[in-house]
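Each chain, letter by letter, is given below.
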Amino acid sequence: YHFCDGSWYRIDTTFAERLKADLDAMFVETDLPKNDANVEGVYNQRVAAEHSEYLCLDKTNIAHRPKNVEPCDLYRVVDGVAELVHVKIGVHSSKLSHLFNQGSVSFELLLQEQESRSMLKQIIRGKVHGRNAQIYCEPIDEKRFKIVYAIITKKAPELKSKALPLFSRISLRGLTSRLKKMGAEIEVKLIQDNVDL
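Heads up: these notes are all about the structure in this document. Values in this document were obtained by computation on a predicted structure and should not be read as measured data.

### Some remarks on the nonpolar core
Here's step 1: In terms of nonpolar packing, the biggest core is built from 43 residues, with Tyr75, Ile124 and Tyr149 touching the most fellow members.
Here's step 2: Among the secondary structure elements, those contributing two or more residues to this core are helix 1 (13–24), strand 5 (81–89), helix 3 (93–112), helix 4 (114–125), helix 5 (133–141), strand 6 (145–153), helix 6 (166–181) and strand 7 (185–192).
Here's step 3: A total of seven residues in this core trace back to one element, the largest contributor, which is helix 3.
Here's step 4: If you look at the next biggest cluster of nonpolar residues, it comprises 14 residues, including Ala48, Leu74, Ile152 and Ile191.

This is how it looks when you write it as structure tokens:
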């Protein structure tokens, strides 16, 4: 049974097991630091300041229409693949829906629009500060992207997908199924939240 928005829902046990099996493989151990900030933007800036492989792209834009599509919060390149890291504090369904959609819209725009890829490369060149910009830009030209959903939570990482509300899990499975058909690689990382501990 699952309680959501004042209503109880009865969930078929086999469905819940299939959902867990489908999603848990995407949940990987995080290499991102624990959170000590109340605001996502502060966390993103700290990660980029303390870990030189990351660039903070929070509040940047890669679209003219619709306006203000963030490519990601944090960006790095690993083994020739551009990681688009989308960060969210908390596991409330509404916040997670925004997070999942942010990753989807950004990925689709970068895959389909040359102009968006050019805008992202321009943003990166302005942020690399002496590092080799080509290393950060090459995967963009070759459309090699990985979507990383980084969720800051007090829940144990061992829970994997069970750390998320049921309807968020259902939404994530549907979204990732579609994105994988487009060639996306997807990971989910649970980051320990140290605020108010």
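### Some remarks on the packing of aromatic side chains
Here's step 1: Within this structure, the stated rule accounts for three aromatic pairs.
Here's step 2: Ring plane angle 35 degrees and centroid distance 6.3 Å describe the contact between tyrosine 75 and tyrosine 136, whose orientation is recorded as tilted. Taken together, the residues tyrosine 75 in strand 4 (residues 74–78) and tyrosine 136 in helix 5 connect sequence positions 61 residues apart.
Here's step 3: You can call tyrosine 75 buried: its relative accessible area is 0%.
Here's step 4: Here the aromatic rings of phenylalanine 100 and tyrosine 149 are separated by 5.1 Å at their centres, their planes lie at 70 degrees, and the arrangement is edge-to-face.

### Looking at the pattern of salt bridges
Here's step 1: Using the criterion set out here, one finds 16 salt bridges in the structure.
Here's step 2: Here lysine 146 and glutamate 83 are joined by a salt bridge, their closest N and O atoms 3.8 Å apart. Highlighted residues: lysine 146 in strand 6 and glutamate 83 in strand 5, separated in sequence by 63 residues. The same class applies to lysine 146 as to glutamate 83, namely buried.

### Re the environment of serine 118
Here's step 1: Note that serine 118 resides in helix 4.
Here's step 2: Along the sequence, serine 118 and isoleucine 140 sit 22 residues apart, while their C-alpha atoms lie 8.6 Å from each other.

### So, unusual backbone geometry
Here's step 1: A positive phi is found at aspartate 79, a non-glycine position, where the angle reads about 50 degrees.
Here's step 2: Mapped onto the fold, aspartate 79 is located in the loop between strand 4 and strand 5.
Here's step 3: Judged by relative accessible area, which is 77%, aspartate 79 ranks as exposed.

Conventions adopted
- Residues numbered from 1 in each chain as written.
- Predicted model: local features only at pLDDT ≥ 70, side-chain atom pairs only at ≥ 80, totals over all residues.
- Heavy atoms only, no water.
- Core = buried A, V, L, I, M, F, W, Y, C linked by side-chain atoms within 4.5 Å.
- Buried < 20%, exposed > 50% of the residue type's maximum accessible area, 1.4 Å probe, protein only.
- Helix = DSSP H or I, 4+ residues; strand = E, 2+ residues; numbered from the N terminus.
- Phe/Tyr/Trp six-rings, centres within 6.5 Å; stacked < 30°, edge-to-face > 60°.
- Salt bridge = Lys/Arg side-chain N within 4 Å of Asp/Glu carboxyl O.

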